[in-house]
Amino acid sequence: MARADSEFKNRVYDLVAQIPKGRVMTYGQIAALCGNASAARIVGGLAHFGDPELPWQRVVNKKGGLAAGYPGGRSIHKKHLESEGVEVIGTGENYYVQVNALLWSPKI
């Protein structure tokens, strides 16, 4: 995986910090809005290894799937989203949210 330059990383952090409770963004959406549409995996790496104080629970894959790499796994990702009022569907390794209904886009 390519390393994120500090400018890209800071844009990702700033954007993730703005995602409101009860809403989600996708890794690819964040990457595109931060200037590199092909960097969804880098955003995932930042989510996994980056600032733990950010609301990474509000970031999902393009289909609304929860992250296996989330600290504690998908079940904890599910728990954190549900604590914010987000309905999580599925079981076990197949947890997801209705991404089209919950997707948040910042005003640019």
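One can find the structure itself at the top, above this paragraph.
Note that this is a predicted model, so its numbers are computed, not measured. The numbers attached to residues start from 1 for each chain and follow its sequence in the written order. Given that this is a predicted model, residues contribute local features only at a pLDDT of at least 70 and side-chain atom pairs are listed and counted only at 80 or more, while totals for whole chains, interfaces and linings are drawn from all residues. Think of the side-chain values as coming from all heavy atoms in the structure, minus any hydrogens and water.

Q: Could you clarify how one ought to interpret the packing of aromatic side chains in this entry?
A: Between two aromatic rings, the relevant description is the distance of the centres plus the angle of the planes. Note on aromatic pairs: the rings of Phe, Tyr and Trp (six-membered ring only in Trp) are paired at centre separations within 6.5 Å, and the planes decide the class, stacked below 30 degrees, edge-to-face beyond 60, tilted for the rest. What the rule picks out here adds up to 1 aromatic pair. Between Tyr13 and Trp56, the ring centres sit 6.1 Å apart and the planes meet at 70°, which makes this aromatic pair edge-to-face. With a gap of 43 residues between them, Tyr13 in helix H1 (residues 6-18) and Trp56 in the loop between helix H3 (40-49) and strand E2 (59-60) connect regions that are remote in the sequence. Here Tyr13 matches Trp56 in class, with each residue buried. Where helices and strands are cited, they refer to DSSP runs of H or I of at least four residues and of E of at least two residues respectively, numbered from the N terminus. Residue burial is assigned from relative accessible area. The probe radius is 1.4 Å, only protein chains are included, and a residue is buried under 20% of its type maximum, exposed over 50%, and partly exposed in between.

Q: Can you walk me through the side chain of Arg58 in this structure?
A: Note that Arg58 resides in the loop between H3 and E2. Contacts described as polar in this section are N or O atom pairs within 3.5 Å, which, within protein, must combine one atom able to donate a hydrogen with one able to accept it, while residues neighboring in sequence count only if both atoms come from side chains. Of note is the side chain of Arg58, whose polar atom sits 2.6 Å from the backbone oxygen of Ile19. The contact rule is simple, with two residues in contact once any of their heavy atoms fall within 4.5 Å. Excluding anything up to four places from it in sequence, Arg58 contacts Ile19, Pro20, Lys21, Arg23, Val24, Met25, Leu81 and Glu84.

Q: Looking at this structure, how should I read the nonpolar core?
A: Most often, soluble globular proteins have nonpolar side chains that are buried together. By nonpolar core we mean a set of buried residues, namely Ala, Val, Leu, Ile, Met, Phe, Trp, Tyr and Cys, connected to one another through side-chain atoms within 4.5 Å. Ranked by internal contacts, the top residues of the largest apolar core, which has 22 residues, are Phe8, Val12, Val16, Ile30 and Trp56. Listed by contribution, the elements that provide at least two residues to this core are H1, helix H2 (27-33) and H3. Ranked by residue count, the leading element in this core is H1, at 5 residues. Among the nonpolar cores identified, the runner-up in size contains 10 residues, and Val24, Val60, Val86 and Val99 belong to it.

What is shown is where atoms sit, not what they do.
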